[in-house]
Amino acid sequence: MTPSPTSLTALSSWQALVSHSGEIRQRSLRDLFSEDPSRAERMTVEGAGLILDYSKNLVTEKTLSLLLEMATQCRLFDRIDSMFRGEMINRTEHRSVLHVALRMPKGESLVVKGVDVVREVHEVLDRMGSFATRVREGSWKGATGKTIKNVINIGIGGSDLGPVMAYEALRSYSDRDRVFRFVSNIDGTDFVEATRDLDPEETLFIISSKTFTTLETMTNARTARAWLLARLSSEESVRHHFVAVSTNAPEVQKFGIDTHNMFGFWDWVGGRYSMDSAIGLSTMIAIGPDRFQEMLEGFHAMDEHFHKSPFERNLPVLMGLLVVWYTNFLGSQTIAVLPYDQYLKRFPAYLQQLTMESNGKHVRTDGSPVETTTGPIYWGEPGTNGQHSFYQLLHQGTRLIPIDFIGFANSRNPLGHHHDILMANLFAQGEALAFGKTAEEVRASGVPEFQVPHRTFEGNRPSNTILGQELSPRTLGALVALYEHSVFTQGTLWGIDSFDQWGVELGKVMAVRIIEELSGQSPKGPPHDSGTAALIRRYRDMRRE
Ligand code: F6P
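Residues numbered from 1 in each chain as written. Predicted model: local features only at pLDDT ≥ 70, side-chain atom pairs only at ≥ 80, totals over all residues. Heavy atoms only, no water.

Draft legend 1. Just the overall build of the protein chain, in detail. Check the secondary structure of the protein chain and you find 21 helices and 13 strands. By the compact-globule yardstick of 24 Å for 545 residues, the protein chain fits well, its C-alpha radius of gyration being 25 Å. C-alpha extents for the protein chain along the principal axes are approximately 75 × 60 × 60 Å. Sorting the 545 residues of the protein chain into buried and exposed places 54% on the buried side. Within the protein chain, contacts between residues separated by at least 24 positions form 74% of all contacts whose residues are at least 6 apart in sequence. With an accessible surface of roughly 24000 Å², the protein chain has 52% of that area assigned to carbon and sulfur atoms. (Helix = DSSP H or I, 4+ residues; strand = E, 2+ residues; numbered from the N terminus. Rg over C-alpha atoms; globule rule 2.2 N^0.38 Å. Buried < 20%, exposed > 50% of the residue type's maximum accessible area, 1.4 Å probe, protein only. Contact = heavy atoms within 4.5 Å. Areas by Shrake-Rupley, 256 points an atom, 1.4 Å probe, with all protein chains shown as cover.)

Right, here's the structure in full:
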């Protein structure tokens, strides 16, 4: 039987935080900063090459000490340690959760159920390295002897979002002589647009799917095979143009991919935690095995920091606790992630799966209902574009939206003053949101009276600032691990299983049933509601063929 998680709301720290939140609502960041000139210094921590300034949050020393006490009362350290030891903490799926083993250095060992998982990880990394090198050097040829110029990853969810995000983030390190594309959507447009200008003889498909049964991926993979065979009629050519990344060798073989060209991983790697496993094969081909290794080192440095640093200086723990603070005590519903780096344009989308598939849960590990609101909605866009779009609501809207700003001291593309202007905007936004502009200040600047309320900024809008040297493979690894472990911290406090995703199942099953109906088969199972039945009828009437 699964032991009941700690009752969060019964904890003394919870009760204290409830009453403390009333005090904090009366405080302003203006006052907190003017009362304590060393606030920013005290509330800045460093780990794995990243700096987190959390001073512009609606917290005092008392808030922090109560949050840290709550983490201790929820036995956060034991849970972290259990994960690192490979215990079966994903209880609903009876699995260990060992993405941290994916980035342990060669030579270290972690034995789970009698198997040294680190050794297995490095065997796969070595095979990936040889394959990636062959593609990069041009010695892996297509069936007609042509060099592979195009690499297309077909996958969805964790088998797509991580690879796309990492490719975009590390594009400046990538092999510019090759085209990298990503097909995920079942919408045929995705495949057609990704392949329309490519020569099948020069194209390699990586079919990435943990289960190798996902409807979208398998449909796209079959379409890819047909596209290839329309040019290269021999089935034999498939093995030159398709490789697989999966945990399911029998299905890979059934599809017709030589299992020598399959790169495996394990059930203890969750899809959304897999971009540094073999699912990162496209990343490795793009940036090369050495850079990929640097990315793993970045992940590992943050893992070590999370496992070994005291909570009060622990970046993921502090970020996770702040999310719980805003979500449960100050009533915020969302977190905005705003990277001031164009290369991170897909980072918010990547985080949406990581955070919301992990912590969008309504029951605890023992099946009992959660006691509090859980996973907030994550969203975002790169700065400065967002400033000319939704920042109005951040500055003057009626909602509390905590923000993570992300920026780097150095640009990968130094161009005149661009980078200073970019970063000035990041710093200005954090400052304006926190301190605003009072009516008196507005008046003093000569604004006509009728405009004063419109041009007043109440401030007190919280943000974190995450700062790194530059967006390198190492920094990216550390940044992703930072969010992975922040999610884990949040999930631990809420007592939920952050590693299952049962909530995606129902829609999948219902879609399969409706697919049959759309293709003319008579409905099976219970009747649809009248609205859905009418939509299906209308769609069939409107469809051209
Ligand atoms: O539908 C959700 C999900 O199961 C994700 O958790 C996963 O990342 C994605 O589908 C893809 O799964 P697979 O890698 O097995 O194709």
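Draft legend 2. Inspection of the site of the ligand at higher detail. Not every one of the 14 residues close to the ligand is listed here, only the nearest: Ser-159, Ser-209, Thr-211, Thr-214 and Glu-357. Interatomic distance of 2.6 Å between a side-chain N/O atom of Thr-211 and an oxygen atom of the ligand. Between the ligand and Glu-357 there is a distance of 2.7 Å, counted from an oxygen atom to a side-chain nitrogen or oxygen. Coverage of the ligand by the protein amounts to 87% of the 390 Å² it exposes when considered alone. (Near = heavy atom within 4 Å. Polar contact = N/O pair within 3.5 Å; in protein donor to acceptor, adjacent residues only side chain to side chain.)

Draft legend 3. Geometry of the packing of helix 20 (residues 505-518) against helix 21 (residues 530-542). Viewed as axis vectors pointing N to C, helix 20 and helix 21 meet at an angle of 40°, and their least axial separation amounts to 11 Å. Between helix 20 and helix 21, the crossing angle belongs to the class labelled oblique. The handedness of the crossing between helix 20 and helix 21 comes out as right-handed. For the pair helix 20 and helix 21, contact is made by Ile-514, Glu-517 and Leu-518 and by Thr-532, Ile-536, Tyr-539 and Arg-540, respectively. Residues that form the contact of helix 20 with helix 21 fall into these classes: four nonpolar, one polar and two charged. (Axes fitted to C-alpha atoms, helices over the stretch in contact; angles between N-to-C directions. Parallel < 35°, antiparallel > 145°, perpendicular 65-115°, else oblique. Left-handed = near helix turned anticlockwise from the far one by under 90°. Nonpolar A, V, L, I, M, F, W, Y, C, P; charged D, E, K, R; others polar.)

Draft legend 4. Fine view of the nonpolar core. Core analysis: the biggest nonpolar cluster contains 123 residues, and Met-70, Ile-285, Phe-347, Leu-476 and Tyr-483 have the highest contact counts within it. When residues no more than four places from it in sequence are discounted, the contact partners of Ile-285 are Phe-131, Ala-132, Val-135, Arg-136, Val-151, Phe-180, Leu-204 and Ile-206. Judged by nonpolar contacts, the second largest core, of 23 residues, contains Ile-152, Ala-224, Leu-228 and Met-262. (Core = buried A, V, L, I, M, F, W, Y, C linked by side-chain atoms within 4.5 Å.)

Draft legend 5. Looking closely at the pattern of salt bridges. Taken as a whole and assessed by the stated rule, the structure comprises 38 salt bridges. The salt bridge partner of Glu-23 is Lys-62, with a shortest N-O separation of 3.6 Å. With a gap of 39 residues between them, Glu-23 in helix 1 (residues 12-25) and Lys-62 in helix 4 (residues 61-73) connect regions that are remote in the sequence. Note that Glu-35 and Arg-27 form a salt bridge whose closest N and O atoms lie 2.5 Å from each other. Look at Glu-35 and you get exposed, because its relative accessible area is 53%. For Arg-27, a relative accessible area of 26% translates into the label partly exposed. (Salt bridge = Lys/Arg side-chain N within 4 Å of Asp/Glu carboxyl O.)

Draft legend 6. Expanded view of the pairing of strand 8 (residues 242-246). Among the five residues in strand 8, five count as buried, and that is most of the element. Of the pairings in the sheet, the one linking strand 7 (residues 203-208) to strand 8 comprises four bridges and is parallel in character. Looking across to strand 8, one finds that Ile-206 is bridged to Val-243. Sheet analysis places strand 8 next to strand 9 (residues 262-264), joined by three bridges and oriented parallel. Note on strand 9: the bridge partner recorded for Ala-244 is Met-262. Taken together, strand 8, helix 11 (residues 249-255) and strand 9 form a β-α-β motif whose crossover is right-handed. (Pairing = 2+ DSSP bridges. Right-handed = clockwise from strand over helix to strand, strands pointing away.)

Draft legend 7. Highlighting the packing of helix 1 against helix 4. In contact at an axis separation of 9 Å, helix 1 and helix 4 are set at 160° when each is read in the N-to-C sense. When the axis of helix 1 is compared with that of helix 4, the two are roughly antiparallel. Considering the relative orientation of helix 1 and helix 4, their crossing is left-handed. Every residue of helix 4 that contacts helix 1 at Ser-12, Ser-13, Trp-14, Ala-16, Leu-17, His-20, Glu-23 and Ile-24 is listed here: Lys-62, Thr-63, Leu-66, Leu-67, Glu-69, Met-70 and Gln-73.

Draft legend 8. Here's a closer look at a nonpolar patch on the surface. Together, Leu-215, Val-512 and Ile-515 make up an exposed nonpolar region whose accessible area comes to about 240 Å². Relative to the helices and strands, Ile-515 resides in helix 20. Residue Ile-515 is classed as partly exposed on the basis of its relative accessible area, which comes to 43%. (Patch = residues over 30% accessible without salt bridge, like charges linked within 9 Å, V, L, I, M, F, W, Y side chains within 5 Å.)

Draft legend 9. Focus on the sheet that holds strand 7. Sheet architecture is open: five strands sit in the order 6-5-7-8-9, paired in parallel fashion. The two strands at the open ends of the sheet, each matched to only one other strand, are strand 6 (179-183) and strand 9. Along the sheet, successive strands turn relative to each other by an average axial angle of 20°, direction set aside. One ladder, built from five bridges, connects strand 5 (residues 150-154) with strand 7; its direction is parallel. Across the sheet, Ile-152 pairs through a bridge with Phe-205, a residue of strand 7. Strands in contact with helix 6 (residues 117-137) are strand 7, strand 8 and strand 9; relative to strand 9, the strand with the most contacts, it is inclined by about 145°. Its contacts with the sheet place helix 8 (residues 188-195) against strand 5, strand 6 and strand 7, and it is angled at close to 170° to strand 6.

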